[in-house]
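Examining the three-dimensional arrangement
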Amino acid sequence: MRVRDPLQVDEGVPAAVEECLAAVLRRRTADAADADPDFASDIADRVAAFALGGGRRLRAEFLWWALRGSGGGARETPAALGVAAALELIQTCALIHDDVMDGSPLRRGRPSVHVQLDARFGTGERTLPCGTFGGAAAVLAGDLALAWADDAFAESVAGLPSAPRAAGVWRVMRTEMVAGQYLDLRGQVTGDGSAERAARTAVLKTALYSMGHPLALGATLAGAPDGTVRALREAGRAAGLAFQLHDDVRGAFGDPAATGKPVGEDIREGKATYLLAVAGERCAELGDRAGLALLERITGGARTTEEDVDRALDLLVACGARDRVARRVEELCARGAETVARAGLAREAADRIAELFGAACGLEPGRATAPAPEPPPSAPSVPPTLPVLIGEAR
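Residues numbered from 1 in each chain as written. Predicted model: local features only at pLDDT ≥ 70, side-chain atom pairs only at ≥ 80, totals over all residues. Heavy atoms only, no water.

On the surface, Phe121, Leu128 and Phe133 cluster together into a nonpolar patch covering about 250 Å² of accessible area. Mapped onto the fold, Leu128 is located in strand E3 (residues 127–128). (Patch = residues over 30% accessible without salt bridge, like charges linked within 9 Å, V, L, I, M, F, W, Y side chains within 5 Å. Areas by Shrake-Rupley, 256 points an atom, 1.4 Å probe, with all protein chains shown as cover. Salt bridge = Lys/Arg side-chain N within 4 Å of Asp/Glu carboxyl O. Helix = DSSP H or I, 4+ residues; strand = E, 2+ residues; numbered from the N terminus.)

Shown next, in the form of structure tokens:
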């Protein structure tokens, strides 16, 4: 990979990270080919194609602008791009595993990795304790992406004064991501449909590892003080939750051509999302017993029919849940932008991060920084009891 000037990276962060990621993957797939050609073609090459085949490089952008806003420059650029590539591989692991656990047939408008593998070997009907052959093999594919991510991170920060602090952020990020994924699964079998529980799951599964920790990593690599790192993590926590809530709404009502996933998939899978939890609150407030019964059936493990999905989508609109969550997205996104503005970053970088928050949450330019109205009292805030980092004092 050629050495990049930080000013050039400023002009195109995704392209710079893509170049670094491609270089990392060329080395890793060569190692896989040395180990075994079948493993390389079936698994390693597929992981590389997935990592390079889509995504907005959102985590990389947050890391980069936190670094630049904290004074990072040419000295830190190679490490920042390497850690950003490692974040993309963490995301690859998470998405491949998520599709196996949810049985999702599509990702980014293409067959999921487990579906590809079953199609390759004609094993879609052969069930195993963890699904089909494709599901089992895709678990290994996700594991490989995680191993490559750890390797890329360690190589990138080696020798830097900030390496120990950055490693602490990286370690906690991985633990919280897995914890969030587990809570997501657990909610599907326990039927805990509270908005507080759904928000906690979203914070761990998405908010911190999508925004909070990438921002913290960028600032840490630049040697920013602890107060700045904490503020950026909290900003990312709020905006990251808004990002997940927006994604819930988009997944329910969006265009499959744009989302790359079937409409209403979370409803079909019985996920106890924040959107459904708010719908439950609204139905209780309105005394809508039929609506409550429908929501309880969806999240209670019963087989969900297409008619149930259609009725649930209608209910989300009629009871006001969709609008309430949309307001919550705006409030949380604005809170994140306001926290960034007070974090001590260079103004241009802070403004860029606020723009990224708004774009990720589907808001019009400028909406992320505007004061938002207070949400209704029954709309829970980011859970105050969740520690900033597992094992770390507030």
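It is worth spelling out the packing of helix H14 (residues 289–299) against helix H15 (residues 306–318) at this point. With their axes 11 Å apart at the nearest point, H14 and H15 run at an angle of 130° to one another. Judged by the angle between their axes, H14 and H15 are oblique. Crossing of H14 against H15: the hand is left-handed. Where H14 abuts H15, its residues Gly291, Leu294, Leu295, Arg297 and Ile298 lie against Asp308, Arg311, Ala312 and Leu315. Within the contact of H14 with H15, the residues separate by chemical class into five nonpolar, one polar and three charged. (Axes fitted to C-alpha atoms, helices over the stretch in contact; angles between N-to-C directions. Parallel < 35°, antiparallel > 145°, perpendicular 65-115°, else oblique. Left-handed = near helix turned anticlockwise from the far one by under 90°. Contact = heavy atoms within 4.5 Å. Nonpolar A, V, L, I, M, F, W, Y, C, P; charged D, E, K, R; others polar.)

A few words on the confidence of the model for the chain. Of all residues in the chain, 90% have pLDDT values of 70 or greater, and the mean over the chain is 88. Here helix H11 (residues 256–259) stands out as the element of the chain with the lowest mean pLDDT, 70, in contrast to helix H4 (residues 58–69), whose mean of 98 is the highest. A low-confidence stretch, residues 370–394 (pLDDT under 50), is modelled with 56 contacts involving residues beyond four sequence positions or located in other chains. (pLDDT = per-residue confidence, 0-100.)

Where charged atoms from two side chains of opposite charge come close, those side chains can pair. Across all of its chains, the model carries 25 salt bridges by this definition. Between Arg165 and Asp226 there is a salt bridge, with its nearest N and O atoms 3.1 Å apart. You can see Arg165 sitting in helix H8 (residues 163–190) and its partner Asp226 sitting in helix H10 (residues 226–253), a full 61 residues away along the chain. Residue Asp226 is classed as partly exposed on the basis of its relative accessible area, which comes to 47%. Between Arg237 and Glu234 there is a salt bridge whose closest N-O contact spans 3.7 Å. Within this pair, Arg237 and its partner Glu234 are both found in helix H10, separated by three residues, close to a single helical turn. (Buried < 20%, exposed > 50% of the residue type's maximum accessible area, 1.4 Å probe, protein only.)

This part takes up the packing of helix H2 (residues 13–35) against helix H5 (residues 77–102). Put simply, H2 and H5 touch, their axes get as near as 9 Å, and they point 75° apart. Taken together, H2 and H5 sit at an angle that is classed as roughly perpendicular. From H2, Ala16, Val17, Cys20, Leu21, Val24 and Leu25 reach across to H5, where they touch Leu81, Gly82, Ala84, Ala85, Glu88 and Leu89. Of the residues belonging to the contact of H2 with H5, the class tally is ten nonpolar, one polar and one charged.

This part takes up the packing of aromatic side chains. Evaluation of the coordinates by the stated rule reveals three aromatic pairs. Relative to Phe357, the ring of Phe62 has its centre 5.4 Å away and its plane inclined at 45°; by these criteria the two rings are tilted. Here Phe357 lies in helix H17 (residues 347–360) and Phe62 lies in helix H4, a separation of 295 residues in the sequence. Judged by centre distance (4.6 Å) and plane angle (10°), the ring pair of Phe153 and Trp170 falls under stacked. Of this pair, Phe153 sits in helix H7 (residues 133–157) while Trp170 is found in helix H8, placing the two residues 17 residues apart along the sequence. Side by side, Phe153 and Trp170 carry an identical accessibility label, which is buried. Positioned over the ring face of Tyr209 is Arg59, at 4.6 Å from the centre of the ring. Sitting over the ring of Phe121, Arg120 keeps its end group 4.5 Å from the ring centre. (Phe/Tyr/Trp six-rings, centres within 6.5 Å; stacked < 30°, edge-to-face > 60°. Lys NZ or Arg CZ within 6 Å of the ring centre and 35° of its normal.)

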